[in-house]
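Listed below, chain by chain, are the residues.
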Amino acid sequence: MDKSGEAYWKAVLTLIAQVLAVWFFVSFGCGILFADALNSFSIGGYPLGFWFAQQGSMYCFVIMIFVYAKLMGNLDEKFDVHED
Amino acid sequence: MTLQTMTYLVVGATFALYIGIAIWARAGSTSEFYVAGGGVHPVMNGMATGADWMSAASFISMAGLISNMGYGGGLFLMGWTGGYVLLAMLLAPYLRKFGKFTVPQFIGDRFYSKAASCVAVMCLLAASLTYIIGQMTGVGVAFSRFLGVSNSTGVFIGMGIVFMYAVFGGMKGITYTQVAQYCVLILAYTIPAIFISMTLTGNPLPQLGLGGDFVGTDMTLLGKLDQVVTDLGFPQYTTMTRISTLNMFVYTMSLMIGTAGLPHVIMRFFTVPKVKDARMSAGWALVFIAILYTTAPAVAAMARLNLHASVNSAVKKDFATDELRNAAMFATESSIRYDERPAWMKRWETTGLLKFEDKNGDGRIQYYNDKNTPAGAEAAGWKGSELKVNQDIMVLANPEIAKLPNWVIALVAAGGLAAALSTAAGLLLAISSAISHDLFKNIFMPDMSEKNELLTGKIAMACSIVVAGYLGLNPPDFAAGTVAIAFGLAASSIFPALMMGIFNKKMNKEGAMAGMLAGLGVTMLYVFAHKGIFFIKGTDFLGVFGGKPNFFLGIEPNAFGAIGALVNFFVAYVVSKITPECPEHIQHMVENVRTPRGAKAVDGTHAH
């Protein structure tokens, strides 16, 4: 497989784009743009849109960073650019 | 023991703890484990970053603002946490690989120009100074309440203490002191929240309690709150948007990218041992920040309910029908008598941050939305809302309103001060290193002695405190609002420059500088038009733009940073296309920054 710097950078950008898509969806999507529509559902006593804006998006952010860190670590090893 | 004595005792004890740890860690620094690489665990580092990051805006001010803004307040929550995702993915690992210590250094090297570094210092100063104004506002609120003085005196005392704290700077650099500060801060925030959540919903976890049922009824807490506020003429809590969906979107974006552009936060990631750690540190920092941030909306909603309940005895009662409830809410005897008001109101009246004016002369307190007077209020002869509560006092007053024990109230005081002081000190250090090192030493006076460099830094700190304190007396907004403006300035100037420096290897110095100046310029113009030139009262010039506030698509000045960032990206792109291309060796350097391997260990003993 292609282990060049360019291929690595392309893989990194793809990963970043994927995580950013989730990031955008949970906060700007569920928390703001579709909040009104989601409020007709409820979760744990919260209207769902309100929950995303004041609770849910933050839980997702935390998970996202750890998932990203793990996947980036894998990419680094796969392309043999990891430290030591 | 009186509340006053208790407060002195708890605040004094926490300060003794910080100083004690500082001395212990310094003594230990000669010992082997410290010299052996200092390997601070990423979890500890995350806590320390949390303490650095969570300021008076997060601790003292934010929940009060959410309590007033309802659903719309979510923009602070999403904005100030979502930025960490950007920081972890887009900036932290690459800046770490680059191996510089400050933002102006990175900009100066990447854009091969001292002028670019100068522009970065300017942007950094604009954002950091505005940020400190917000801290001063918060410190003023805290001190005025705990010393029982006016708000202005509180700001002056705060200036003195911040100055001593920052100049005593040794405490700042030590991770374990900050870990202690984080612990004090988070306990102070969550303990009252747990108490209140237990009382109102029977659920000890505020994050779940906020969704829980209101004790003694089959209504949810949020449902009850919605009912109470709409009865009193306020917009519905769970659906009230901040001005418009577009404004809320832009505001959230501005805070997110501002987070990833603030110098004192970024600096923390320069010194982690490895690139891998830079990614993880951001994650751990966010874990510890999220503990406070997911508690804040519960504090906000519950404080709002308790505030209404403490002036209107019908609020917490359960009624069979809407008619009965409405009749009770507006019944004369439901509003409490002013001379029987709770002790916390008297205490806050001293500070001038809570005011009562008996508009209908009945000796009772009516608190409602008089811009949308409910029918019942009119019929009951209410002549306007009689209580003015500064939103910044909500968190500090919250345990008093909920009648919690004195030690909890004292602990909240200590937490608020820890939050404000640790952040103010971090920002002042960023300012002093930018001026003394990045500006004077590197550009104007390369042969300056180390002693003079240190002196310049201290003078810069003192000036910043005086300027920020003066502006903090008449702040442009509530503490969190002012801090939001600071984020906007960072978002419009520093974040795009860093992004393009890493992700666009062809970006040249002309483009980057033009972008930063345009982004910062347009944001400042919009903010100053609303809030006065350099936030000085009476110098606002909205008239030039037709006199209508939020004239650009209805976006408020606090949210304008995201628009400024767009301008920055656009101008930088256009200018870079019509000016000489970025030199070959810089492009190679950028390519090198993109891979983790070969990151040099950055030793912690840099020049300042």
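So, how was this worked out
- Residues numbered from 1 in each chain as written.
- Chains lettered and ligands numbered in written order.
- Predicted model: local features only at pLDDT ≥ 70, side-chain atom pairs only at ≥ 80, totals over all residues.
- Helix = DSSP H or I, 4+ residues; strand = E, 2+ residues; numbered from the N terminus.
- Rg over C-alpha atoms; globule rule 2.2 N^0.38 Å.
- Buried ≥ 20, exposed ≤ 12 C-beta atoms within 10 Å, placed from the backbone.
- Contact = placed C-beta atoms within 7 Å.
- pLDDT = per-residue confidence, 0-100.
- Core = buried A, V, L, I, M, F, W, Y, C linked by C-beta atoms within 7 Å.
- Axes fitted to C-alpha atoms, helices over the stretch in contact; angles between N-to-C directions.
- Parallel < 35°, antiparallel > 145°, perpendicular 65-115°, else oblique.
- Nonpolar A, V, L, I, M, F, W, Y, C, P; charged D, E, K, R; others polar.
- Left-handed = near helix turned anticlockwise from the far one by under 90°.
- Expected span 1.5 Å × (residues − 1).

Peer 1: Would you mind going over the overall build of chain B with me for this structure?
Peer 2: Secondary structure summary: chain B contains 24 helices and two strands in total. Relative to its length of 608 residues, chain B is compact, with a C-alpha radius of gyration of 25 Å against a globular reference of 25 Å. Principal-axis analysis of the C-alpha atoms gives chain B an extent of 80 × 60 × 40 Å. Across the 608 residues that make up chain B, the buried fraction comes to 57%. Pairs at least 24 residues apart make up 79% of the contacts formed inside chain B by residues separated by at least 6 positions.

Peer 1: Mind showing me how you'd approach the overall build of chain A here?
Peer 2: When helices and strands are counted, chain A shows three helices and two strands. Going from N to C terminus, chain A has its helices and strands arranged as α-α-β-β-α. Computed over C-alpha atoms, the radius of gyration of chain A comes to 17 Å, more than 25% over the 12 Å expected from 2.2 N^0.38 for 84 residues, which places it beyond the range of a compact globule. Seen along its three principal axes, the alpha-carbon backbone of chain A occupies a region of about 50 × 20 × 15 Å. Buried residues in chain A amount to 39% of all 84 residues. Residue pairs in contact within chain A that sit at least 24 positions apart in sequence constitute 44% of those at least 6 positions apart.

Peer 1: Before we go on, may I ask you to explain the confidence of the model for chain A in this structure?
Peer 2: Detailed conclusions should not be drawn from predicted coordinates in areas where pLDDT is low. Of all residues in chain A, 99% have pLDDT values of 70 or greater, and the mean over the chain is 92. Across chain A, element-level confidence peaks in helix α3 (residues 48–78) of chain A with a mean pLDDT of 95 and bottoms out in strand β1 (residues 42–43) of chain A with 90.

Peer 1: Teacher, can you tell me more about the nonpolar core here?
Peer 2: As a rule of thumb, nonpolar side chains are buried together in soluble globular proteins. Within the largest apolar cluster, 232 residues are counted, with the highest numbers of intra-cluster contacts made by I65(A), A120(B), A142(B), L185(B), A301(B), A413(B) and A414(B). Discounting residues that sit within four places of it in the chain, A301(B) has contacts with S67(B), L210(B), L221(B), L222(B), L225(B) and Y237(B).

Peer 1: Explanation requested: the packing of helix α12 (residues 245–259) of chain B against helix α23 (residues 561–578) of chain B in the structure shown.
Peer 2: The relative placement of two packed helices is expressed as an angle between their axes plus a distance between the axes. Residue and element names in this part refer to chain B. Running from N to C, α12 and α23 point in directions that differ by 65 degrees, and their axes come no closer than 7 Å. When the interaxial angle is binned, α12 and α23 end up roughly perpendicular. Counting all contacts with α12, which are made through V250, M253, S254, I257 and G258, the residues of α23 involved are G561, A562, I563 and A565. Residues that form the contact of α12 with α23 fall into these classes: six nonpolar, three polar and no charged.

Peer 1: Can you help me understand unusual backbone geometry in this one?
Peer 2: Negative phi values dominate among residues other than glycine, just as trans dominates among peptide bonds. Look at D80(A): it is not a glycine, yet its phi comes out positive at around 55 degrees. Within the secondary structure layout, D80(A) lies in the segment after α3. Judged by the 10 C-beta atoms lying within 10 Å of it, D80(A) is exposed. The backbone phi angle of Y112(B) is positive, close to 35 degrees, even though this residue is not glycine. Examined against the element boundaries, Y112(B) turns out to sit in the loop between α6 (103–110) and α7 (114–147).

Peer 1: So what exactly am I meant to see when it comes to the interface of chain A and chain B here?
Peer 2: How big an interface is tends to be stated in terms of the accessible area lost upon association of its parts. The partner chain B presents 42 residues to the 35 residues of chain A that form the contact. Counting only elements with at least two residues in the side of chain A that touches chain B, the list comes to α1 (5–33), β2 (46–47) and α3 of chain A. Of the residues forming the side of chain A that touches chain B, the biggest block, 16 residues, is contributed by α3(A). Here the residues of the side of chain A that touches chain B sort into 22 nonpolar, eleven polar and two charged.

Peer 1: Can you help me understand the packing of α7(B) against helix α19 (residues 406–444) of chain B in this one?
Peer 2: Residues and elements named next belong to chain B. Where α7 contacts α19, the two axes come as close as 9 Å, and the packing angle between them is 155 degrees. When the interaxial angle is binned, α7 and α19 end up roughly antiparallel. Considering how the two elements wind past one another, α7 and α19 form a crossing that is left-handed. Across the contact of α7 with α19, the residue classes break down as 19 nonpolar, seven polar and two charged.

Peer 1: Would you explain helix α20 (residues 450–473) of chain B in this entry?
Peer 2: Side chains that are three or four residues apart share a direction in an α-helix, a result of its 3.6 residues per turn. Over its 24 residues, α20(B) extends 35 Å from the first C-alpha to the last, a length consistent with the 34 Å expected when each residue adds 1.5 Å. When we look at burial in α20(B), the residues that qualify are G457(B), A460(B), M461(B), S464(B), I465(B), A468(B), G469(B), L471(B) and G472(B).

Peer 1: Whenever I open this one, helix α3 (residues 42–53) of chain B confuses me. Can you help?
Peer 2: Residue and element names in this part refer to chain B. Helix length check: α3, at twelve residues, gives a terminal C-alpha distance of 16 Å against a target of 16 Å (1.5 Å per residue), a fit within 8%. The element α3 is largely enclosed, with a buried count of ten among its twelve residues. Tucked inside the fold, the buried residues of α3 contact α9 (175–201), α13 (263–270), α14 (275–311) and α19.

Peer 1: Just checking my understanding: could you explain the environment of V275(B) for this structure?
Peer 2: Structurally, V275(B) can be placed in helix α14. Distance from V275(B) to P93(B), taken between C-alpha atoms, is 5.1 Å for residues 182 residues apart in sequence. Once residues lying within four places of it in the same chain are set aside, the contact partners of V275(B) are E83(A), P93(B), R96(B), K97(B), P596(B) and A599(B).

Peer 1: Can you help me understand the environment of K383(B) in this one?
Peer 2: Residues and elements named next belong to chain B. Within the secondary structure, K383 is located in the loop between α17 (375–379) and β2 (387–389). For K383, a count of 15 C-beta atoms within 10 Å gives the class partly exposed. Aside from chain neighbours lying at most four places away, what touches K383 is K359 and N360.

Peer 1: Can you walk me through the environment of A51(B) in this structure?
Peer 2: Residues and elements named next belong to chain B. Structurally, A51 can be placed in helix α3. We classify A51 as buried; it has 27 C-beta atoms within 10 Å. A C-alpha to C-alpha distance of 9.9 Å links A51 and L421, two positions 370 residues apart in sequence. Dropping the residues within four chain positions of it, A51 is found in contact with Q178, Q181, Y182, L185 and S422.

Peer 1: Would you explain the confidence of the model for chain B in this entry?
Peer 2: Residues and elements named next belong to chain B. The share of residues in chain B with pLDDT of 70 or more is 94%, and the mean pLDDT across the chain is 87. Of all the helices and strands in chain B, helix α2 (residues 32–35) carries the lowest mean pLDDT, 30, while α23 carries the highest, 96. With pLDDT under 50 throughout, residues 28–38 is counted as low confidence; its partners more than four residues away or in other chains account for three contacts. Scored below 50 in pLDDT, residues 602–608 makes twelve contacts in the model with residues more than four places away or belonging to other chains.

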